[in-house]
Amino acid sequence: MPKTKRFQKISLTQTKKKGLSGKQQLVEDIRSCVEKYSHLYLFSVQNMRNNKLKFIRNEWKDSRFFLGKNRVIAIALGRTKESESRENLHEVSKRLKGQCGILFTDKPKEEVMKYFEKHVESDYARSGNIATDTITLQPGPLEQFPFNMEPYLRQLGLPTSLQKGIVTLLKEHTVCKEGNVLTPEEARLLKLLCIHMAEFKVTIEAIWQKDGAFEDVGDGRMLEKPDDANDQSEDENME
């Protein structure tokens, strides 16, 4: 009888890692977009949710998003005036901090700003988020929960018991207080109670145009490209 091919052991040494080659490809892709698209938008993400960002990507299929790996993105754009691939791109690089990314597109500024200003979605808060409201539950039946969830609710800190097969809160309980950092238990309770305390939001922080113009949207500072500046790409000087 032939041996089954299921559950065969696979040596992990055979798996391929992106490593340096993956980073080099990312640098090449970004530099290609610098030449291809007319605008680059630096954006920050509040309360990152992969599924919501995926939805935005699908709506902007004619554009390119790069998120994460801030250091690699900075190398691709140029971290200094001497190494930047085009005029004023180093201004974008030095603002790559925290949860942020870049968007390459040919769409005008007004359309981009309007889209992201309106695209705000509420979501469940996670552990570590700040409570935006004080939530207090009054004693009595919690009929939205099935009887078999009662032990789990007690684990999360709710003073509950089963009374005639119904989950019942025995006394007033404050789930969270406004301004406090949410614990893992508080975040789970808020989700069970279907209470949103977070907003997924993408904020445009800066705008770069292919002619070298740069605008910091935060402080309104605008850097115009000098008349005698050279448009030629300086990719050969990049790291």
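What counts, and at which threshold
- Residues numbered from 1 in each chain as written.
- Predicted model: local features only at pLDDT ≥ 70, side-chain atom pairs only at ≥ 80, totals over all residues.
- Heavy atoms only, no water.
- UniProt positions renumbered as here; feature names shortened; annotations may be inferred.
- Pairing = 2+ DSSP bridges.
- Helix = DSSP H or I, 4+ residues; strand = E, 2+ residues; numbered from the N terminus.
- Expected span 1.5 Å × (residues − 1).
- Buried < 20%, exposed > 50% of the residue type's maximum accessible area, 1.4 Å probe, protein only.
- Arc of directions from axis to C-beta.
- Contact = heavy atoms within 4.5 Å.
- pLDDT = per-residue confidence, 0-100.
- Phe/Tyr/Trp six-rings, centres within 6.5 Å; stacked < 30°, edge-to-face > 60°.
- Lys NZ or Arg CZ within 6 Å of the ring centre and 35° of its normal.

The protein goes by Ribosome assembly factor mrt4 in an unreviewed UniProt entry, where it is assigned to Ceriodaphnia reticulata. Regarding the protein, the UniProt comment filed under Sequence similarities (unreviewed entry) reads as follows: "Belongs to the universal ribosomal protein uL10 family."

Q: Sorry, what's going on with the sheet that holds strand β8 (residues 166-169) here?
A: Whether parallel or antiparallel, the strands of a sheet pair through hydrogen bonds between backbone atoms. Spatially, β6-β8-β7 is the arrangement adopted by the three strands of the open sheet, whose pairing is antiparallel. Only two strands of the sheet have a single neighbouring strand rather than two, namely β6 (140-141) and β7 (160-163). By the bridge criterion, two bridges tie β6 to β8 in an arrangement that is antiparallel. The partner of Pro-141 across the bridge, within β8, is Thr-168.

Q: What exactly am I supposed to notice about helix α1 (residues 19-36) here?
A: For an α-helix, 3.6 residues make a turn, and residues three or four places apart therefore share a direction. Counted at 1.5 Å a residue, the expected span for α1 with its 18 residues is 26 Å, and the 26 Å between its end C-alpha atoms agrees. Turning to α1, its buried residues are Leu-26, Val-27, Ile-30, Arg-31, Cys-33 and Val-34. Relative to the axis of α1, the buried residues are bounded by an arc of 155° and lie together on one face. The secondary structure elements touched by the buried residues of α1 are β2 (64-67), α3 (70-77), α4 (89-93), β3 (100-105) and β10 (198-209).

Q: What is the right way to read the environment of Lys-109 from this model?
A: For Lys-109, the location among the structural elements is in helix α5 (residues 109-118). Counting along the chain gives 98 residues from Lys-109 to Ile-207, while the straight-line C-alpha distance between them is 8.3 Å.

Q: What is the right way to read the confidence of the model for the protein from this model?
A: Detailed reading of the predicted coordinates is not advisable wherever pLDDT is low. Overall, the prediction assigns the protein a mean pLDDT of 84, with 83% of residues at 70 or greater. Long-range and interchain partners of residues 220-239, a stretch whose pLDDT sits below 50, account for 47 contacts in this model, where long-range means more than four residues apart.

Q: Looking at this model, I keep getting lost on the pairing of β3. Mind explaining?
A: Here is the key point about a regular strand: its side chains alternate between the two faces of the sheet. With respect to burial, β3 is a largely interior element, six of its six residues being buried. Side chains Cys-100, Ile-102 and Phe-104 of β3 all project onto a buried face; the interleaved residues Gly-101, Leu-103 and Thr-105 project onto the opposite face, where all are buried too. Across six bridges, the pairing between strand β1 (residues 39-46) and β3 is antiparallel. Residue Tyr-41 lies in a different strand from β3, and its bridge partner there is Leu-103. Direction of pairing for β2 relative to β3: antiparallel, over a ladder of four bridges.

Q: How do you make sense of the packing of aromatic side chains when you look at a structure like this?
A: What describes a pair of aromatic rings is the distance from one ring centre to the other and the angle between the planes of the rings. Applying the stated criterion to the full structure yields six aromatic pairs. Consider the rings of Phe-66 and Phe-104, whose centres lie 5.9 Å apart with planes at 85°: the pair is edge-to-face. Taken together, the residues Phe-66 in strand β2 and Phe-104 in strand β3 connect sequence positions 38 residues apart. In this pair, the class of Phe-66 matches that of Phe-104, namely buried. Ring centres of Tyr-115 and Phe-116 lie 5.0 Å apart, and the angle between their planes is 85°; on these two criteria the pair is classed as edge-to-face. One aromatic cluster is present, formed by Tyr-37, Phe-66 and Phe-104 through successive ring pairs. Against the face of Trp-60 rests Lys-107, its NZ or CZ located 4.0 Å from the ring centre.

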